[in-house]
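# Structural features, examined
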Amino acid sequence: MTARITDIQRFCMHDGPGIRTTVFFSGCPLRCKWCHNPETQKAGAQMYYNQSKCIGCGGCTVTCPNGAHVFSDGHLYDRARCTACGACAAACPSGAVSSVSREMEISDIVAEIKKDVAFYGDGGGMTLSGGEPMAQPEASIALLGASKDAGLSTALETCGYFPAQYVKELAAVTDLFLWDFKDSDDARHRENTGVSNAPILENLRAADKTGVPIVLRCILLKGINFNEAHLREIRALRDSLAHCIRVDLLPYHPMGDSKNTLLGQENGFHDKKYIVTPEEIQSAYAFINQ
Amino acid sequence: MEFYTSYKDPRPVRCSEATRLFAYESLNHKYGLDTKKVENALLDHIEGISDMELFDQYDIAIEEIVKQAPIRICEGEKISGAATLGHAIRHLVPATIKTISLCSSVSHLTIDFESVLKNGVGVIREQILASMKKHTDPDRLRFLKSALHCMDCFTFWHGRYLDALKDRPGYEVNYENLKQVPFGTPRNFHEAVQSLWFVFAFVRLTGSWPGFGRIDYLLGDYLKKDLENGTLTMDEAREILAHFFIKGCEWIAGGNYTSGDAQHYQNIVLAGIDEDGNEVTNEVTYLVLDIIEEFGISDFPVTIRISDRTDPHLLRRAAEVIRHGGGVIALYNEDLVLRALTDYGYPLREARKFANDGCWEVQIPGKTQFTYVPFDALWVLQTRTLAQYDGSEHFDSFDALYARYRDELEKHVEWIYEDRRDSFVERDATTGEWKWKPVFPGTIVSLFEQGCIEKGQAYFEGGPVYNVCSPHIGGLPDAANSLYAIKKLVFDDKLVSFDELMTILANDWEGHEDLRRYAEEHYNYYGNDNDEVDLIAARILGDFADCCKALDGRCPIMFPSGVSTFGRQLDWVPFRFATPFGKKKGAVLAGNLSPTPGTDKEGATAIIKSYCKADLSRHATGAALDIRLLPGDVKDEEGIAALVGLMRGFIALGGFFMQIDVADAKVLLDAQEHPENYQTLSVRVSGWNARFVTMNRQWQDMIIQEMKRS
């Protein structure tokens with residue numbers, strides 16, 4: 001079985017306990033306006049183009065079957081003609097154009113993760129993230145299961161928006177859920193992510209019943225959800241769960257914007273005005289821990 | 001009064017205000033600048049001095065040093081003694097004739113502090129006299145006479161401090177302590193610390209730079225006893241030990257030096273097992289970490305001997321200190337080092353005592369004479385094997401290329417061996433026995449090295465029990481990457497012929513930017529956990545060890561291999577050319593066994609994995625790896641877990657020596673523009689740390705380059 005992935009990152013320490021290797025699956029059912037991994041939203045093939053790396057060799061113009069690459073007073077890349085076939089990436093010496101994602105065998109992914117087994121100790125292991133891993137549900141469960149079979153500890157980073165039938169199977173192969181809770185106000189949730197939070201909360205409660213520990217991950221944006229009402233809801237949600245071991249309050253950052261440039265897309269959302277300061281985050285923690 | 005940290009939280013406060021002020025002023029050049037006021041003892045008034053032999057001049061110099069050196073007593077100091085002549089900071093015996101320095105001094109050694117504490121220094125005089133009775137050879141007697149004279153000089157200098165402290169209000173304890181030590185044995189922790197410091201200060205006064213060795217092993221029992229008796233509290237002990245570390249900052253003077261102002265190879269080793277196999281870690285171990293954490297004093301770089309038996313609390317404390325940056329803490333993989341030393345031939349009980357030489361090279365302290373010879377593995381490839389790409393060399397296969405490279409490596413190692421052997425020893429024409437040649441005088445350090453007094457032979461003349469000259473291979477990752485790139489481009493992927501590639505490299509890649517970028521982008525080089533290139537690196541290291549082993553044992557000099565550059569990659573730039581893996585002439589390449597800058601893409605775990613594929617136990621002097629992390633990597637509990645995880649992997653995979661520094665390239669760039677704001681910011685350079693703003697631009701740029709992520 002294969003999975004479509006964008007990356008495998010070693011030596012991650014913010015995706016679960018200890019040293020971890022994080023696998024990023026491609027594709028996501030949500031379209032959060034603030035997404036800092038925009039390359040993971042689309043499920044299919046895409047191309048990165050980094051103009052600063054282009055050395056003008058012209059290799060892409062020869063190999064492209066669709067004429068998307070031309071040289072006319074510099075290198076022009078017409079994405080409208082691009083089918084993301086990847087022929088240009090194979091011909092590019094400098095890595096200026098490259099594929100965003102690739103198909104990989106589950107067993108090969110596990111082999112990659114096992115490379116750092118000497119560093120995992122008791123706490124570390126693998127984290128499955130993305131995008132939304134559960135947009136490829138069979139592959140996710142297969143990868144988590146294969147990792148557990150290999151003796152690795154597993155964590156799943158999920159937005160929680162997937163068919164409810166998978167919760168039990170997932171829980172059997174996951175040691176830790178890192179579960180997003182983006183907004184308590186459903187109308188606002190729909191407006192900013194494209195979907196309702198109801199199925200997400202339902203899956204969360206079902207996951208809680210399985211006994212697997214949960215970390216709630218709550219993005220906060222000034223002027224959107226950074227207010228007392230939402231913080232109160234976060235607190236209430238945490239208290240209502242039997243196995244929530246921690247709440248992480250994550251301040252918005254506009255870092256995904258450079259990736260939008262590489263994808264040739266604009267994101268009209270990114271703005272400093274949404275940033276929550278470290279001091280404000282500290283107060284928020286104090287508030288929910290009252 | 002802030003002590004610089006790379007971490008988001010400030011350093012903890014445990015010591016008194018007075019001690020903190022003492023630390024702050026010392027780190028901000030107060031005593032270093034004072035030391036520069038009097039640079040040397042002047043010898044010009046000695047009649048006939050210019051016509052004497054160097055060895056006689058040296059004896060007079062030591063006498064004049066102890067007579068002329070200013071006495072310094074710092075306000076509120078709990079430990080007394082100071083090396084106050086400025087040229088000692090420059091690795092010279094601080095004595096001049098007509099403004100010309102007399103001779104160089106000795107470093108890269110850790111003297112026998114254990115005997116200083118166990119027996120006191122007074123017995124040395126008796127040992128010299130006893131030895132004089134045994135020897136008849138005039139050279140032996142001449143050395144022993146010099147030794148006796150130097151002991152008298154030590155006594156004289158000690159007497160000056162007694163006079164200065166006697167009846168001085170507030171220094172009664174200092175005076176009483178010095179009445180007992182270092183000539184007698186210490187009766188408590190304070191005396192033990194004072195004894196160590198006073199001997200250390202004396203050796204430094206005369207220009208030589210000893211390392212410290214296993215300070216917790218040396219001091220632990222004294223502290224335990226005082227705590228049990230109730231005669232000392234932990235806080236009081238911390239103050240005393242803090243003063244020891246602060247006194248060690250007496251040479252910090254700011255200013256601008258090539259590789260930075262710090263370190264005089266005062267390395268300290270913590271933890272690990274003693275000769276009986278019992279773990280040493282004690283209260284002193286944790287006090288040292290407390291003090292370094294509070295003040296960020298990098299002048300005594302600390303290396304911790306860790307194993308899978310190490311108390312997790314110690315690993316955690318080490319991680320907490322590492323987080324503050326400054327590169328103060330490094331790590332030895334104890335079991336691997338023990339294996340390296342015993343495989344080399346040291347008895348296990350000896351091997352267990354290992355420390356380093358004040359820099360990072362492993363040695364048995366108190367009884368080892370050490371020098372080393374660095375060389376560039378990339379030069380062996382580019383100049384010796386490939387004739388600087390002039391087209392005269394051609395190879396039809398990778399195996400043929402590697403075989404020739406190995407031959408050139410072997411020839412160069414032989415050349416080093418013969419050159420060093422001939423500079424130290426020669427065979428007697430009549431008896432055929434090995435004789436030691438006189439080098440330059442080193443009587444002072446000889447006093448404190450086991451074997452010298454007994455044999456009547458000085459430090460450089462075969463006195464110590466072990467006499468080591470270690471060739472160090474540098475540029476190893478660059479050589480491995482080069483061989484790998486040639487293998488891929490020419491022989492495997494056949495993108496270019498061998499001769500074409502030689503021409504391209506001879507022209508510094510001119511006109512072949514596409515191939516150059518291809519070489520850079522499409523192969524995974526050393527440091528990315530790619531077996532194909534990592535095993536080439538491992539193979540070179542194994543062959544290098546074989547070359548050294550084949551030569552070892554033929555003469556009294558021991559010839560263990562080591563792996564390091566220690567900043568030399570900067571010096572080597574003019575002698576290196578374009579590389580097959582995409583670098584142009586002028587690039588600054590790999591330091592120690594760290595990846596070539598810009599080629600590592602997978603992070604710290606992959607780097608450690610690449611590093612550990614060689615059998616590092618074959619290099620008894622050591623093999624060094626630098627890991628540089630961002631402050632964000634080591635934040636909070638996750639950061640601690642990450643650091644401890646790296647340590648565990650380093651041990652499990654068979655690493656030798658690893659130093660971890662935490663710094664932000666952005667901060668360093670700012671420090672280049674505004675040095676006045678970053679006076680005490682230290683970075684790990686190699687076996688030592690240095691204050692970043694005292695380095696020249698080239699060194700600063702090199703450190704920044706290493707800090708940047710690919």
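Below: a short report on this structure.

Rules behind the numbers
Residues numbered from 1 in each chain as written. Chains lettered and ligands numbered in written order. Predicted model: local features only at pLDDT ≥ 70, side-chain atom pairs only at ≥ 80, totals over all residues. Heavy atoms only, no water. Helix = DSSP H or I, 4+ residues; strand = E, 2+ residues; numbered from the N terminus. Rg over C-alpha atoms; globule rule 2.2 N^0.38 Å. Buried < 20%, exposed > 50% of the residue type's maximum accessible area, 1.4 Å probe, protein only. Contact = heavy atoms within 4.5 Å. Areas by Shrake-Rupley, 256 points an atom, 1.4 Å probe, with all protein chains shown as cover. Polar contact = N/O pair within 3.5 Å; in protein donor to acceptor, adjacent residues only side chain to side chain. Buried area = accessible area lost by both parts, 1.4 Å probe. Salt bridge = Lys/Arg side-chain N within 4 Å of Asp/Glu carboxyl O. Phe/Tyr/Trp six-rings, centres within 6.5 Å; stacked < 30°, edge-to-face > 60°. Pairing = 2+ DSSP bridges. Axes fitted to C-alpha atoms, helices over the stretch in contact; angles between N-to-C directions. Disulfide = S-S within 2.5 Å. Core = buried A, V, L, I, M, F, W, Y, C linked by side-chain atoms within 4.5 Å. Parallel < 35°, antiparallel > 145°, perpendicular 65-115°, else oblique. Nonpolar A, V, L, I, M, F, W, Y, C, P; charged D, E, K, R; others polar.

## Focus on the overall build of chain A
Within chain A, the regular secondary structure consists of eleven helices and twelve strands. Taken over C-alpha atoms, the radius of gyration comes to 20 Å for chain A, in line with the 19 Å a tight globule of 290 residues would show. Considering only C-alpha atoms, chain A reaches an extent of 65 × 45 × 35 Å along its principal axes. Sorting the 290 residues of chain A into buried and exposed places 52% on the buried side. At a minimum sequence separation of 6, the contacts of chain A that also span at least 24 residues come to 71%. Of the roughly 12600 Å² of accessible surface on chain A, 51% is carried by carbon and sulfur atoms.

## Things to note about the side chain of Ser6(B)
All names here are of chain B. Summarising the element assignment, Ser6 is placed in the segment before helix 1 (17–27). Of the residues examined, Ser6 reaches a relative accessible area of 13% and is grouped as buried. Side-chain polar atoms of Ser6 contact the backbone oxygen of Val662, separated by 3.1 Å. Discounting chain neighbours no more than four positions away, the residues touching Ser6 are Arg323, His324, Gly325, Pro631, Val662 and Ala663.

## Focus on the interface of chain A and chain B
With 17 residues of chain A in contact, the opposing surface of chain B contributes 27 residues. Buried area between chain A and chain B, both sides added, is near 1800 Å², and the carbon and sulfur share of it is 62%. When the buried surface of chain A facing chain B is broken down by residue, Arg10(A), Phe11(A) and Phe119(A) rank first, second and third, together holding 34% of it. For the pair chain A and chain B, the interface holds one salt bridge.

## Things to note about the packing of aromatic side chains
The geometry of an aromatic ring pair is captured by two quantities: the separation of the ring centres and the angle between the planes. All names here are of chain B. Throughout the structure, instances matching the rule amount to 51 aromatic pairs over all chains. Aromatic pair Phe113 and Phe212: ring centres 4.5 Å apart, planes at 10 degrees, arrangement stacked. Taken together, the residues Phe113 in helix 4 (residues 113–119) and Phe212 in the loop between strand 5 (210–211) and strand 6 (213–214) connect sequence positions 99 residues apart. Accessibility expressed as a relative area gives 1% for Phe212, which makes it buried. Residues Tyr332 and Phe354 carry aromatic rings whose centres are separated by 5.7 Å and whose planes lie at 80 degrees to one another, so their mutual orientation is edge-to-face. With Tyr332 in strand 9 (residues 329–333) and Phe354 in the loop between helix 14 (348–351) and strand 10 (355–356), the pair connects residues that are 22 residues apart, well separated along the chain.

## Concerning the sheet that holds strand 11 (residues 214–220) of chain A
Residues and elements named next belong to chain A. Taken in spatial order, the eight strands of this open sheet run 7-1-2-8-9-10-11-12, and their pairing is mixed. Bordering the open sheet on either side are strand 7 (102–105) and strand 12 (244–251), each of which pairs with just one other strand. Put simply, the sheet's adjacent strands are angled 30 degrees from each other on average, direction ignored. Across seven bridges, strand 11 lies against strand 12 in parallel orientation. Looking at strand 12, one finds that Leu216 is bridged to Val247. In the packing of helix 3 (residues 106–114) onto the sheet, the strands contacted are strand 1 (2–12), strand 2 (20–25), strand 7 and strand 8 (125–130), and the crossing angle to strand 7 comes to about 85 degrees. Packing of helix 11 (residues 278–288) onto the sheet brings it into contact with strand 11 and strand 12, and relative to strand 12 it is tilted by some 150 degrees.

## Details of the environment of Leu165(B)
All names here are of chain B. Along the chain, the position of Leu165 falls in helix 6 (residues 138–165). Assessed through its relative accessible area of 1%, Leu165 is described here as buried. Sequence separation between Leu165 and Glu176 is eleven residues; the distance between their C-alpha atoms is 9.2 Å. The contact partners of Leu165, leaving out residues within four places of it in the chain, are Ile73, Ser80, Tyr171, Asn174, Tyr175 and Leu178.

## Quick word on the state of the cysteines
Under the definition given, this model contains zero disulfides over all chains. Note on Cys28(A): no disulfide assigned, nearest cysteine sulfur contributed by Cys159(A) at a separation of 4.9 Å. Between Cys74(B), a free cysteine, and Cys249(B), which holds the nearest cysteine sulfur, the sulfur-to-sulfur gap is 11 Å.

## Structural notes on the nonpolar core
With 232 residues, the main nonpolar core has Phe189(B), Leu241(B), Ile304(B), Ile540(B) and Phe656(B) as its most contacted residues. Not counting the four nearest positions on each side in its chain, Phe189(B) is found in contact with Leu219(B), Tyr222(B), Leu223(B), Asp226(B), Leu232(B), Ala237(B), Ile240(B), Leu241(B) and Val284(B). Membership of the second largest hydrophobic core comes to 50 residues, among which are Leu152(A), Phe162(A), Leu201(A) and Leu241(A).

## Focus on the sheet that holds strand 1 (residues 41–42) of chain B
Sheet strands line up and pair through hydrogen bonds in the backbone, either parallel or antiparallel. Residues and elements named next belong to chain B. A sheet is described by the order of its strands in space; here three strands give the open sequence 1-2-3, paired in mixed fashion. Of all strands in the sheet, those bounded by a partner on one side alone are strand 1 and strand 3 (100–101). When strand 1 meets strand 2 (residues 95–97), the two strands line up parallel, connected through two bridges. Across the sheet, the residue bridging to Ala41 is Ala95, located in strand 2.

## Description of the pattern of salt bridges
As a working rule, side chains carrying opposite charge can pair if their charged atoms are close by. Residues and elements named next belong to chain B. Taken as a whole and assessed by the stated rule, the structure comprises 74 salt bridges over all chains. Close ionic contact of Lys224 with Glu283 constitutes a salt bridge, the shortest N to O distance being 3.4 Å. Here Lys224 is found in helix 9 (residues 215–229), whereas its partner Glu283 is found in helix 11 (residues 283–295), with 59 residues between them in sequence. A relative accessible area of 26% means that Glu283 is categorised as partly exposed. Here Glu334 ties to Arg309 by a salt bridge, and the two come within 3.2 Å at their closest N and O atoms. With Glu334 in helix 13 (residues 334–344) and Arg309 in the loop between strand 8 (302–306) and helix 12 (312–322), this residue pair connects regions lying 25 residues apart in the sequence. Relative accessible area serves as the criterion here: at 1%, Glu334 is assigned to the buried category. A cluster of three or more residues bridged by salt bridges with shared partners is formed by Arg14, Asp235, Arg238, Asp290, Glu293, Arg316, Arg317, Glu320 and Glu637.

## Digging into the packing of helix 8 (residues 189–205) of chain B against helix 9 of chain B
Residues and elements named next belong to chain B. Contact pair helix 8 / helix 9: the axes reach a minimum separation of 8 Å and the direction vectors enclose 155 degrees. Considered as vectors, helix 8 and helix 9 are oriented roughly antiparallel to each other. Across the interface between the two elements, Phe189, His190, Ala192, Val193 and Leu196 from helix 8 touch Leu218, Leu219, Tyr222, Leu223 and Asp226 from helix 9. Counted by class, the contact of helix 8 with helix 9 contains eight nonpolar, one polar and one charged residues.

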